[in-house]
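# Chain and residue survey
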Amino acid sequence: MSDIYLASQSPRRRELLSQIGVSFSVTDVDVPEERALNEHPLDYVQRLAQSKAMAGLELVNDKPVLGADTIVVLEQGNTFVILEKPRDKNHAIAMLMSLSNRQHQVITAVAVCDKRRCEIRVNQTLVEFREVSEREADAYWLTGEPADKAGAYGIQGLGGVFVSKLEGSYSSVVGLPLFETTELLTIFDIAYWQVKGE
């Protein structure tokens, strides 16, 4: 019997929850990932994580639901550019070239909600890319890996070769920050490694 629902079809989030011994079931939710005008990246990613958890709660209603969202944020002057999942090959290559030889931020928000409350935690991690050539970006797209990933790369897969430096949480860049996630599990008295909260 599962202790929590995961409102995500991401295999990476499933793997990370399994890695820390959480008993969970998956529920499929459909939440539009559209940023409001002038919405700050931090507000945006938290809103999406909470919306996913709440949408899952409407479907299951008997146990807490975990929702999460990850975005890649690139600073350009005084503005932020949010890199989500690429639309197509050209979009993916353009993203990778914009990340080439630069530092960017990966922000992942995690929300756990039940019928009484909703708690959110956020992790911000800095990632630096080495120089990426257009030929490499094109070849990487052909592997199929970038198609469903924020920023058009997966650090845990082939895209890891582009990462020259990381400051923060590796698991957050993969899609689920384990430190923040276990904080939430403890609050909701959900076992991980068979450990429960007070």
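That block above? That's the structure.
Residues numbered from 1 in each chain as written. Predicted model: local features only at pLDDT ≥ 70, side-chain atom pairs only at ≥ 80, totals over all residues. Heavy atoms only, no water.

## A look at the packing of aromatic side chains
- Counted under the stated rule, the structure contains three aromatic pairs.
- With a centroid separation of 5.3 Å and 85° between ring planes, the pair formed by Y140 and F162 is classed as edge-to-face. Highlighted residues: Y140 in helix α4 (residues 134-142) and F162 in the loop between α4 and β7 (163-167), separated in sequence by 22 residues. Both residues of the pair, Y140 and F162, count as buried.
- A cation over an aromatic ring shows up here: R117 above the ring of F188, its NZ or CZ 4.5 Å from the ring centre. (Phe/Tyr/Trp six-rings, centres within 6.5 Å; stacked < 30°, edge-to-face > 60°. Helix = DSSP H or I, 4+ residues; strand = E, 2+ residues; numbered from the N terminus. Buried < 20%, exposed > 50% of the residue type's maximum accessible area, 1.4 Å probe, protein only. Lys NZ or Arg CZ within 6 Å of the ring centre and 35° of its normal.)

## Brief notes about the environment of V29
- You can see V29 is positioned in the loop between β2 (24-26) and α2 (41-60).
- With a relative accessible area of 18%, V29 lands in the buried category.
- When the C-alpha positions of V29 and Y192 are compared, they lie 24 Å apart, and in sequence the two are 163 residues distant.

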